[in-house]
Amino acid sequence: WEVYRCPPALELQCVDSDDPREQRCATNRNQDSLTCSECEDDHYPNKGDCDKCPVASTVGLLVVVVILFFIGLFSAYHFCNSPVTQQASTLLTTSVSFGM
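Residues numbered from 1 in each chain as written. Predicted model: local features only at pLDDT ≥ 70, side-chain atom pairs only at ≥ 80, totals over all residues. Heavy atoms only, no water.

Novice: What exactly am I supposed to notice about the overall build of the protein chain here?
Specialist: Looking only at helices and strands, one finds three helices and two strands in the protein chain. Listed N to C, the secondary structure of the protein chain is β-β-α-α-α in terms of helices and strands. Out of the 100 residues belonging to the protein chain, those deemed buried represent 15%. As displayed, the protein chain has an accessible area near 8400 Å², and 61% of this comes from carbon and sulfur atoms. (Helix = DSSP H or I, 4+ residues; strand = E, 2+ residues; numbered from the N terminus. Buried < 20%, exposed > 50% of the residue type's maximum accessible area, 1.4 Å probe, protein only. Areas by Shrake-Rupley, 256 points an atom, 1.4 Å probe, with all protein chains shown as cover.)

Set out below in C-alpha cells:
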C-alpha cells in the first residue's frame, strides 16, 4: 500500500490519524479519493470544504416547467377557439398552430 500526505493547502480535507494505513477524510469527503481531494456524491467543493448540493433548484425548475406548460395549454385553447380561427379553414389553423 502507499501512503500520501495531505499538502498544507489541503489540510481541511484530511483528518489526523495515528495509523498511516487508515485513511481518514474530513466530513463529506470521498474516502476513496487520493488525499481526500474529491467530494462525496451530491456534494460540491466550496472554499476548501464540501457542501451538499441544493435540492430546491431542481424543484424550482420543475415548477416553472409545469406553469409554462399550463400557460401554453391555456393559450392554445383560446387561440383555437377565437372568432378568427373559427372562420379559418382547418388546414390554416393547424399550420399556424404548429408554426408551419
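This is not the end of the story, as more comes after the structure.
Novice: Honestly, unusual backbone geometry in this entry has me stumped. Any pointers?
Specialist: With glycine set apart, most residues show a phi of negative sign, and most peptide bonds adopt trans. One non-glycine residue, Asn-28, lies in the positive phi region at around 70°. Relative to the assigned elements, Asn-28 resides in the segment before strand E1 (43–46). For Asn-28, a relative accessible area of 25% corresponds to the partly exposed category. Here Asp-42, not a glycine, exhibits a phi torsion of approximately 65°, which is positive. Following the sequence through the fold, Asp-42 ends up in the segment before E1.

Novice: Just to check I follow, could you spell out the state of the cysteines for this structure?
Specialist: Covalent bonding between the sulfur atoms of two cysteines defines a disulfide. Counting across every chain of the model gives one disulfide. Left without a disulfide partner, Cys-53 is nearest to the cysteine sulfur of Cys-39, which lies 8.6 Å away. A relative accessible area of 33% means that Cys-53 is categorised as partly exposed. (Disulfide = S-S within 2.5 Å.)

Novice: Mind showing me how you'd approach a nonpolar patch on the surface here?
Specialist: Taken together, Val-55, Val-59, Val-63, Val-64, Ile-67, Leu-68 and Ile-71 make up a surface patch of nonpolar side chains, about 630 Å² in accessible area. Exposure remark for Ile-71: the relative accessible area of 48% places this residue in the partly exposed category. (Patch = residues over 30% accessible without salt bridge, like charges linked within 9 Å, V, L, I, M, F, W, Y side chains within 5 Å. Salt bridge = Lys/Arg side-chain N within 4 Å of Asp/Glu carboxyl O.)

Novice: Even after reading the chapter, I still don't get the pairing of E1, so can you show me in this structure?
Specialist: In summary, the side chains of a regular strand alternate between the two faces of the sheet. Where E1 and strand E2 (residues 49–52) come together, four bridges link them in antiparallel fashion. Across the sheet, residue His-43 finds its bridge partner in E2, namely Lys-52. Taking the residues between adjacent antiparallel strands as the criterion, E1 and E2 are bridged by two residues, where Lys-47 takes a positive phi near 55°. (Pairing = 2+ DSSP bridges.)

Novice: Explain the side chain of His-43 here, please?
Specialist: Among the structural elements, His-43 can be located in strand E1. Polar side-chain contacts of His-43 include one of 3.3 Å to the side chain of Asn-28. (Polar contact = N/O pair within 3.5 Å; in protein donor to acceptor, adjacent residues only side chain to side chain.)

Novice: Looking at this structure, how should I read the packing of aromatic side chains?
Specialist: Here a ring pair, both rings aromatic, is described through the centre-centre distance and the interplanar angle of the planes. What the rule picks out here adds up to one aromatic pair. Judged by centre distance (5.4 Å) and plane angle (75°), the ring pair of Phe-69 and Phe-70 falls under edge-to-face. (Phe/Tyr/Trp six-rings, centres within 6.5 Å; stacked < 30°, edge-to-face > 60°.)

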